[in-house]
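Understanding the architecture of this molecule
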Amino acid sequence: MERKNVKTRKQSWAEPYKIKMVELLKMTTPAQRQKAIREAGYNTFLLKSEDVYIDLLTDSGTSAMSDRQWAGLMLGDEAYAGSRNFYHLEDAVKRRYGYKYVIPTHQGRGAENLISKSLIKPGHIIPGNMYFTTTRLHQELAGGTFADVIIDDAHDPESDFPFKGNIDLNKVKALIAKHGAAKIPYICVATTVNMAGGQPISLTNLKALRKLTLPYGIKIILDMTRVAENAWFIKEREKGYANKNIAEIVLEICSLTDGATMSAKKDCLVNIGGFLALNDESIYQEASNLVVVYEGLHTYGGLAGRDMEAMAIGIEESLQDEHMKARIGQVVYLGEQLLRCDVPIVQPIGGHGIFIDALRFLPQLKQDQFPAQALAAELYLDSGVRSMERGIVSAGRDSKTGKNNYPALELVRLTIPRRVYTQAHMDVIAESVERVYRNRSKIKGLNMVFEPKYLRFFQARFTKSV
Ligand SMILES: *Cc1c(COP(=O)(O)O)cnc(C)c1O
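Below is a short write-up of the structure. Every value quoted in this text rests on a predicted model; they were computed, and no experiment measured them.

Topic: the overall build of the protein
Summing up its helical and strand segments, the protein has 16 helices and 14 strands in all. Computed over the C-alpha atoms, the radius of gyration of the protein is 22 Å, within 12% of the 23 Å expected from 2.2 N^0.38 for a compact globule of 466 residues. A total of 466 residues make up the protein; the buried ones form 58% of that total. Sequence separation of at least 24 residues holds for 72% of the intrachain contacts in the protein that already meet a minimum separation of 6. When the accessible surface of the protein is totalled, it reaches about 20,400 Å², and 52% of it is carbon and sulfur.

Considerations on helix H1 (residues 30-39)
Where H1 is concerned, the buried positions are Arg33, Ala36 and Ile37. For H1, the arc enclosing every buried residue in end-on projection is 90°, short of the 170-degree limit, so these residues lie on one face. Opposite the buried face of H1, by more than 90 degrees, sit the exposed residues Ala31 and Arg38. Lining the buried residues of H1 we find helix H14 (371-383).

Details of the site of the ligand
Lining the immediate environment of the ligand, one finds 13 residues, of which Gln107, Arg109, Asp223, Ser263 and Lys266 sit closest. Gln107 is positioned with one of its side-chain polar atoms (N or O) 2.8 Å from an oxygen atom of the ligand. Contact between the ligand and Lys266: an oxygen atom at 2.9 Å from a side-chain N or O atom of the residue. The protein chains hide 95% of the 380 Å² of surface that the ligand would expose on its own. In terms of residue count, the dominant contributor to the shell around the ligand is helix H4 (residues 108-119) (three residues). Residues of the shell around the ligand, tallied by class, amount to one nonpolar, six polar and six charged.

What about the side chain of Arg136?
Inspection of the secondary structure assignment puts Arg136 in helix H5 (residues 133-141). For Arg136, a relative accessible area of 16% corresponds to the buried category. Setting aside its immediate chain neighbours within four residues, Arg136 contacts Tyr131, Phe146, Ala395 and Asn405.

Some words on the pattern of salt bridges
Where charged atoms of side chains with opposite charge meet at close range, the side chains can pair. All told, the structure shown has 25 salt bridges when counted by the stated rule. Across the pair Asp67 and Lys20 runs a salt bridge, and its minimum N-O distance is 3.4 Å. In this pair, Asp67 sits in helix H2 (residues 67-73) while Lys20 sits in the segment before H1, placing the two residues 47 residues apart along the sequence. For Asp357, the salt bridge is made with Arg360, and the minimal N-O distance between the two is 2.8 Å. Residue class for Asp357 comes out buried when judged on its relative accessible area of 5%. Here Arg360 falls in the partly exposed class, since its relative accessible area comes to 32%.

A look at the side chain of Arg419
Here Arg419 shows up in the loop between strand E12 (411-415) and helix H16 (423-438). Here Arg419 falls in the buried class, since its relative accessible area comes to 19%. Residues in contact with Arg419, not counting those within four places in the same chain, are Tyr17, Ala64, Met65, Ser66, Gln69, Leu269, Glu317 and His323.

Structural notes on the sheet that holds strand E11 (residues 388-390)
Reading across from one edge, E9-E12-E11 is the order of the three strands in this open sheet, with antiparallel pairing throughout. Both edges of this open sheet fall to strand E9 (353-357) and E11, since each of them pairs with a single strand only. The mean inter-strand angle of the sheet, taken between neighbouring strand axes irrespective of direction, is 35°.

A short note on helix H9 (residues 246-255)
For H9, the complete set of buried residues consists of Ile246, Ala247, Ile249, Val250, Ile253 and Cys254. Axial view of H9: buried residues confined to an arc of 165°, hence all on one face. Among the structural elements, helix H3 (84-97), helix H7 (203-213), strand E6 (219-223), helix H8 (227-237) and helix H12 (321-340) are those in contact with the buried residues of H9.

Calculation notes
- Residues numbered from 1 in each chain as written.
- Predicted model: local features only at pLDDT ≥ 70, side-chain atom pairs only at ≥ 80, totals over all residues.
- Heavy atoms only, no water.
- Helix = DSSP H or I, 4+ residues; strand = E, 2+ residues; numbered from the N terminus.
- Rg over C-alpha atoms; globule rule 2.2 N^0.38 Å.
- Buried < 20%, exposed > 50% of the residue type's maximum accessible area, 1.4 Å probe, protein only.
- Contact = heavy atoms within 4.5 Å.
- Areas by Shrake-Rupley, 256 points an atom, 1.4 Å probe, with all protein chains shown as cover.
- Arc of directions from axis to C-beta.
- Near = heavy atom within 4 Å.
- Polar contact = N/O pair within 3.5 Å; in protein donor to acceptor, adjacent residues only side chain to side chain.
- Nonpolar A, V, L, I, M, F, W, Y, C, P; charged D, E, K, R; others polar.
- Salt bridge = Lys/Arg side-chain N within 4 Å of Asp/Glu carboxyl O.
- Pairing = 2+ DSSP bridges.
- Axes fitted to C-alpha atoms, helices over the stretch in contact; angles between N-to-C directions.

Spatial relationships are all this shows, so hold off on functional conclusions.
Here it is in structure tokens:
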């Protein structure tokens, strides 16, 4: 049968699962929210989860596990050494990501600590496609200095370049010329760059980077936290990949690198866990010696056997094309609702959330009045939706001068947990953001009254400016 114009018909996506168990949500009154956010020092990280209606603080560890993953918990082999679940996890990492060695860690930053301590010496430079908070801190604690080599477009929330996670090879060349390759142990490449708004890197760019750095002996360590989401964007946007599936693209990305850190709390659909994966035996030996100091034996790395089992199953589920289609489809659905109301968001719409441009949303505020922090608090006050700041508070201070970093991006992140909320929740969120946007001229800035030394965004406290 011949069918014409099939392409022009609307193609809806739907969740490739049905709901078996529900968790009831708590509604709050405006007066309750006023009290809660004041007590939390206007920092959404300090709110009690019970006071939150729709929780978009993070997509980290907040995913809904499948019935198979829950069943996997019951198969936990809680032996101290050589748990069967470890071998299941090791098999999944080898088969799906192609690395030779794997060391489980309690979460992503555990793996970042191990790789930083194994490869970085004082005075080293570690280039990366935009910083990530915990990654950069571990590099600095090991004596290294992070250098941003992401393309300039990534710092422009209005640029619609399809691969804003790409690395500017000229910036890498300039670093090699300035410091010498011996000072650069590895380049840290993130897939779907979190701080840029969930923006992907292309395979063309990663291949070119490999070609540039291999002759110098500079390694590539992947921050593969959201590698499957990145693969989806490659399939959608990069020439030659439309007919490949997510699993094939993920394997190709990993094959261009020497190792990877994974926060399994994101892509791998578990509530806790992570790993360090490596191809080089001597680095593996070094890291598996360190893991016993910081995490636990190299066959559990701070995790229970059952956690490793859930992770192994989650890895398989995360690589299904249907899963990723619905995952990104939901994020895009929310983003398009906001664009229709002219709310300024980072474009193209990223993989794991919507990033509101607080500088354009609140033009009356200067960056040291913490516009994104203030906006996240307002959104909570309006509807009980919890988001998070990704701007000047998250950027912290320069480790040498002690001065505030002023990032070009001042964003509020609406992060969508995987398989947790429905399209109707997305509608409620969009309506709340639109209401706050209509009343934006009344929003005031904040003063920081308590500032922790490390990763201040987690625990800083604020008061409202008058
Ligand atoms: C979450 C995250 C990490 C750190 O992982 P944790 O599991 O939170 O310790 C590292 N890199 C990126 C890009 C992340 O999003």
